[in-house]
Amino acid sequence: MTPPDSTEIELRLLMEAIYLKYSHDFRDYTGASQKRRVLYALEQFGLPTISALQEKVLHEPAMFAQLLQYLTIPVSEMFRDPAYFLALRRQVVPVLRTYASIKVWVAGCSTGEEVYSLAILLREEGLLERTLIYATDINPASLDRARQGIFALEAIRGYTANYQRAGGQCAFSDYYTAAYDAARFDPALCANVIFADHSLATDSVFAETQLVSCRNVLIYFNRQLQDRALGLFHDSLCHRGFLGLGSKESVDFSAYATRFDPLARPERIYRKAQ
Ligand SMILES: C[S@@+](CC[C@H](N)C(=O)[O-])C[C@H]1O[C@@H](n2cnc3c(N)ncnc32)[C@H](O)[C@@H]1O
């Protein structure tokens, strides 16, 4: 067996150091994409090697906070993949409507765009007031931005188009006030949202939910970690609860393949199997 090259070894040691020092577990993230992100961070920090980065991360917590921005990919958009939200509206909302109270978990919510999108959809369907949304992520800076609900005005044109394609029923501008180069979303949308630090790699289930939405997160995990996350979603969901993974991820080939029934195939929305 060929030994891993030095970069691979340094990468593994860095992830081990981060885990031991900060309890953030990146050890089961996919190698190639993680390596790309760490090498990019090295360039930005002007450091020669991953070992040099490791030394800084171990001795300077502020450095770890910066590195976290590279490791976590805080990229999102409102009504991203509109077909997903349209499918939720048409195929999931009618069932959610039958519950007296609803709990939704947005896992890996990043800077909050997915949460605001869901809140808008639920408000339009008359369900927001009886819904509690748990919006979780491991990046505290992203969670802070999500709580603020302020997004760049230049992105709003694209979000408006997404919203319309997602079956939006109002004018998208009803939901925000624009000032200078920012759009501030109606804080009432988040009256029943709990933004919290939670890791799919190390934490456990915290509530029973009717819908879990976790998109563009599992792609960064290896099979073992994907199975862990899917296990948490399975345990959290109520009888016949819904799991939305979005078009890039699926339960196929996972340990949970037979424990979810496909509901909307291209959008990868599932129901917990009987
Ligand atoms: C690309 S963003 C996806 C944002 C949003 N769900 C979307 O689809 O637009 C991936 C998010 O997953 C989060 N993440 C990465 N590892 C995680 C973990 N172990 N537990 C929870 N969230 C994690 C990152 O911090 C990042 O905010």
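Presented here is an overview of the structure given in this document. Values in this document were obtained by computation on a predicted structure and should not be read as measured data. (Residues numbered from 1 in each chain as written. Predicted model: local features only at pLDDT ≥ 70, side-chain atom pairs only at ≥ 80, totals over all residues. Heavy atoms only, no water.)

If you walk across this open sheet you meet the 3 strands as S3-S5-S4, and the pairing is antiparallel. This sheet does not close on itself; its edge strands, each paired only once, are strand S3 (150-152) and strand S4 (176-179). When the angles between neighbouring strand axes are averaged without regard to direction, this sheet yields 30°. Both S3 and strand S5 (residues 182-185) contribute to a ladder of 3 bridges, which runs antiparallel. In the sheet register, Ile150 faces S5, and the bridge partner there is Arg184. (Pairing = 2+ DSSP bridges. Helix = DSSP H or I, 4+ residues; strand = E, 2+ residues; numbered from the N terminus. Axes fitted to C-alpha atoms, helices over the stretch in contact; angles between N-to-C directions.)

Further remarks concern the packing of aromatic side chains. On inspection of all chains with the given rule, the structure shows 22 aromatic pairs. Just above the ring of Tyr19 sits the side chain of Arg27; from NZ or CZ to the centre is 3.8 Å. (Phe/Tyr/Trp six-rings, centres within 6.5 Å; stacked < 30°, edge-to-face > 60°. Lys NZ or Arg CZ within 6 Å of the ring centre and 35° of its normal.)

Quick look at the site of the ligand now. As a matter of local geometry, the ligand sits amid 20 residues, with Tyr29, Ser76, Arg80, Glu114 and Asp137 nearest to it. Within the side chain of Ser76, an N or O atom sits 2.5 Å from an oxygen atom of the ligand. Here an oxygen atom of the ligand sits 3.4 Å away from a polar atom, N or O, in the side chain of Ser110. Coverage of the ligand by the protein amounts to 99% of the 600 Å² it exposes when considered alone. In this structure the site holding the ligand corresponds to the largest pocket. For the shell around the ligand, the per-class residue count stands at 8 nonpolar, 8 polar and 4 charged. (Near = heavy atom within 4 Å. Polar contact = N/O pair within 3.5 Å; in protein donor to acceptor, adjacent residues only side chain to side chain. Areas by Shrake-Rupley, 256 points an atom, 1.4 Å probe, with all protein chains shown as cover. 1 Å grid on protein atoms, 1.4 Å probe; cavity = no way out; pocket = protein on both sides within 12 Å on 5 of 7 lines; lining within 4 Å. Sits in = over half its atoms within 2 Å of the grid points. Nonpolar A, V, L, I, M, F, W, Y, C, P; charged D, E, K, R; others polar.)

Space left empty within the atom packing is revealed by a probe, the size of a water molecule, rolled over the atoms. Reported here for the largest pocket is a volume of approximately 440 Å³. Along its surface, the largest pocket is lined by 30 residues, and Thr72, Gly108, Asp137, Asn216 and Val217 are the ones closest to its centre. Looking at the lining of the largest pocket, the elements that each hand over two or more residues are helix H4 (61-72) and strand S2 (131-137). Each residue belonging to the lining of the largest pocket can be placed in one class, and the counts come to 14 nonpolar, 10 polar and 6 charged. Its boundaries defined by the atoms lining it, the second largest pocket holds a volume of some 160 Å³. The wall of the second largest pocket is formed by Pro4, Glu8, Leu11, Arg12, Met15, Glu16, Phe26, Arg27, Tyr29, Gly31 and Gln34. With 5 residues, the top contributor of residues to the lining of the second largest pocket is helix H1 (residues 6-22). (Points joined across faces, edges and corners; volume = space filled by probe spheres on them.)

Right, let's talk about the sheet that holds S2 for a bit. Here we have 7 strands laid out as an open sheet, ordered S6-S2-S1-S7-S8-S10-S9, and mixed in their pairing. The strands lining the two open edges of the sheet, one partner per strand, are strand S6 (193-197) and strand S9 (260-264). The sheet shows a mean angle of 20° between the axes of neighbouring strands, taken without regard to direction. Bridge analysis of strand S8 (residues 237-244) against strand S10 (residues 269-272) gives 3 bridges, and the strand direction is antiparallel. Bridged to Leu243 within S10 is Tyr270.

Worth remembering: the numbers are spatial, not functional.
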